Amino acid sequence: MRILIVEDEAIIAHRLARLLSEILGERINHLVIQESYEKAATALRDETPDILFLDLHLNGRDGFELLAQAAAVTFQCMAL
């Protein structure tokens, strides 16, 4: 399973990564954390994740804009 975490607060991103590793264990074969809109956009162009955890407020940028840029790929969205 490929997971991309897009979060500009390092503490939150690493905590989420740790929790995912505890829950999913060896089912995760690739987990990446991107802390900026630009780096996340590049990561989404390079590889399509199976799961995307997306911060909606990225240093003043709207996370939904990033999701719209990746619209060529079908994401199943779930609001929490």
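The rules behind these values
Residues numbered from 1 in each chain as written. Predicted model: local features only at pLDDT ≥ 70, side-chain atom pairs only at ≥ 80, totals over all residues. Heavy atoms only, no water. Pairing = 2+ DSSP bridges. Helix = DSSP H or I, 4+ residues; strand = E, 2+ residues; numbered from the N terminus. Axes fitted to C-alpha atoms, helices over the stretch in contact; angles between N-to-C directions. Buried < 20%, exposed > 50% of the residue type's maximum accessible area, 1.4 Å probe, protein only.

A.B. asks: Requested: an account of the sheet that holds strand S2 (residues 30-34), with residues and values cited.
C.D. replies: Note: strands within a sheet are paired through backbone hydrogen bonds, in either parallel or antiparallel orientation. Ordered in space as S2-S1-S3, the three strands form an open sheet in which the pairing is parallel. At either end of the open sheet lies a strand with only one pairing partner, and these are S2 and strand S3 (51-54). Taking the axes of each pair of neighbouring strands and ignoring which way they run, one obtains an average angle of 10° across the sheet. With five bridges connecting them, strand S1 (residues 2-6) and S2 associate as parallel partners.

A.B. asks: Now, about unusual backbone geometry: what can you tell me, with residues and values included?
C.D. replies: Comment: phi is negative for the bulk of residues other than glycine, and the bulk of peptide bonds are trans. We note that Asn59 has phi near 45°; this positive angle belongs to a residue other than glycine. Here Asn59 lies in the loop between strand S4 (57-58) and strand S5 (61-62). On the basis of relative accessible area, Asn59 is assigned to the exposed category, the value being 57%.

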